[in-house]
Amino acid sequence: MSPETNGPAAVIVLAAGAGTRMKSRTPKILHEIGGRSMVGHALLAARAINPLKLALVVRHERDRVAEHVSALDPEALIVDQDEVPGTGRAVEVALNALDADAHLTGTVVVTYGDVPLLTGELLAELVSTHESEANAVTVLTAVLDDATGYGRILRAEDGTVTGIREHKDATEAERSIREVNSGIYAFDAAVLRTALEKVTTDNAQGEMYLTDVLGLARDAGGRVAAVVTEDRWQVEGANDRIQLSALGAEHNRRIIEAWMRAGVTVVDPSTTWIDSTVTLDEDVRLLPNTQLHGSTTVARDAVVGPDTTLTDVNVGEGAKVIRTHGSGSTIGAKASVGPFTYLRPGTVLGETGKIGAFYETKNVTIGRGSKLSHLGYAGDAEIGEDTNIGCGNITANYDGEKKHRTVIGSGVRTGSNTVFVAPVTVGDGAYSGAGAVIRKDVPAGALAVSLAAQRNAEGWVIANRPGSGSAKLAEAAQELTSTSTSPQSPATTEEGNQA
């Protein structure tokens, strides 16, 4: 038995397959659902039962997979499968590696890197049943409406498992069985070690089958049993992109349902996607076509959506984010963003602040109560509190080689179409006139204007764009003006007087 306080002796995650049906340059187990790779989900489920040791068997794209796994779980043991094919051999090389220090005793769980919806709760049930019944092997099974293609579970009258029959080898009677093998097991370590020494590649596929261990364990007098799950999704693997999509949709459905039960309003679950790494508070409201990814957090009473995608964004209490695409940003309490706003990394919007329609921001800190209402760009900038940035303002932060910073104080009011040519500083309480180009620092309380006398080149269009629509309209306007300003005849004057 494994000590209850420590979980099983080991979990072995099999992740050596090539996944050719994915038709991808990305290894199958690195494909993501819910913001996490499939193997990432598998590792979380494995760690949830607190094993003393955890090993992952790799082969295809070995270095790439190992690097990814080491970043997720530095303590996981990476084991290379050799030239001998089959799940039995994969488990054997992992067991040998885990036994390098000392022989394992207790329970060894075997699972897979492409079963992303498997939970620690189900694995814990598998281990608990295995140990409480003193089984040699316990297999996790599921009952399917259509079991075509799956290995069928064969049982004795007392309910113990007598074997697993692959679909292609099954009789018609055996094919009517709906209970199928998930390929996930709990083994007694000693039984597993002894049985694997007897498993051969003497079969049509030339592989070491892990399923052979069940028969060998039973022949040696061990008890082989099963834990049945009614939740087939937990044992579903993804071998192609169709299955990956189905698992992703089911994962998202479960995530959304869990958040709704926790007090989050999701107006349209069918168009809302939430990564498993997102955190939401009670009374958050998510409107249709909203996607929340990465480490995004949304505080109480905030409203996000519709048509909004946020990645690694922190949304403050009571904030409103409408039709916005944002990443790596922070939105303060009771602030508002959108519609049609692009928040790039480094954007920090203070409490009750505003970034309005058709605005792009990057690497900018915006103080409490300040407003960037519409049609502008703010990058590499610092804006104080209670400042109003006028329509069409931009910070010209790039000189073609380097980025420069703009600093705008508190209580500043800027006119429409003001351009700040960085590096430049605008003091507290300053104003700018419409169309100003700020190239020099503006002292606190000053009005900055950059005006030139307006000059009209009359007749330019008719002279330079003859025959154009504009020229024809100009000619007509000139003729009308000429007629209206010419001296009137007496008859006309008299008629006008009579009128």
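Q: Which parts of the structure should I look at to understand the overall build of the chain?
A: Assigned secondary structure in the chain consists of 11 helices and 37 strands. Rg of the C-alpha trace for the chain: 35 Å, well past the compact-globule value of 23 Å for 499 residues, more than 25% over. Overall, the C-alpha framework of the chain stretches about 125 × 55 × 45 Å when taken along its three principal axes. Within the chain, buried positions represent 46% of all 499 residues. Partitioning the contacts of the chain with sequence separation of at least 6, the portion at a separation of at least 24 is 40%.

Q: Would you mind showing me how to read the layout of surface pockets here?
A: The probe, sized like a water molecule, is rolled over the atoms to show the empty space still left. Approximately 370 Å³ is the volume attributed to the second largest pocket. Along its surface, the second largest pocket is lined by 18 residues, and Pro116, Leu117, Leu118, Thr119 and His251 are the ones closest to its centre. Looking at the lining of the second largest pocket, the element that brings in the most residues is helix H8 (residues 241-261), giving six residues. Class assignment of the residues belonging to the lining of the second largest pocket gives a composition of eight nonpolar, five polar and five charged.

Q: How should I be thinking about the nonpolar core in this particular structure?
A: When a protein is soluble and globular, its nonpolar side chains tend to lie buried together. Ile12, Leu56, Val57, Val137, Leu192, Leu210 and Val213 are the most contacted members of the largest nonpolar core, which has 73 residues in total. Among the nonpolar cores identified, the runner-up in size contains 43 residues, and Leu280, Val337, Ile383 and Val426 belong to it.

Q: What exactly am I supposed to notice about the pattern of salt bridges here?
A: When their charged atoms lie close together, side chains carrying opposite charge are able to pair. Applying the stated criterion across every chain, the model contains 23 salt bridges. Between Arg89 and Glu92 there is a salt bridge whose closest N-O contact spans 2.7 Å. Taken together, the positions of Arg89 and Glu92, both in helix H3 (residues 87-98) and three residues apart, correspond to about one turn of that helix. Its relative accessible area of 16% is what places Glu92 among the buried residues. Taking the shortest distance from any N to any O, the salt bridge between Arg253 and Glu250 comes out at 2.8 Å. With Arg253 and Glu250 both in helix H8 and three residues apart, this pair spans about one turn of that helix. Of the residues examined, Glu250 reaches a relative accessible area of 10% and is grouped as buried. Each of Asp231, Glu250, Arg253, Arg254, Glu257 and Arg261 takes part in one network of salt bridges that share partners.

Q: Got a minute to help me understand the pairing of strand E8 (residues 152-155) in this structure?
A: A regular strand places its side chains on the two faces of the sheet in alternate fashion. Summarising the sheet, E8 and strand E9 (residues 161-165) pair through four bridges and their orientation is antiparallel. The residue of E9 that forms the bridge with Arg155 is Val161. Counting the residues in the hairpin turn of E8 and E9 gives five residues, including Gly159, whose phi is positive at 90°.

Cut-offs and rules
Residues numbered from 1 in each chain as written. Predicted model: local features only at pLDDT ≥ 70, side-chain atom pairs only at ≥ 80, totals over all residues. Heavy atoms only, no water. Helix = DSSP H or I, 4+ residues; strand = E, 2+ residues; numbered from the N terminus. Rg over C-alpha atoms; globule rule 2.2 N^0.38 Å. Buried < 20%, exposed > 50% of the residue type's maximum accessible area, 1.4 Å probe, protein only. Contact = heavy atoms within 4.5 Å. 1 Å grid on protein atoms, 1.4 Å probe; cavity = no way out; pocket = protein on both sides within 12 Å on 5 of 7 lines; lining within 4 Å. Points joined across faces, edges and corners; volume = space filled by probe spheres on them. Nonpolar A, V, L, I, M, F, W, Y, C, P; charged D, E, K, R; others polar. Core = buried A, V, L, I, M, F, W, Y, C linked by side-chain atoms within 4.5 Å. Salt bridge = Lys/Arg side-chain N within 4 Å of Asp/Glu carboxyl O. Pairing = 2+ DSSP bridges.

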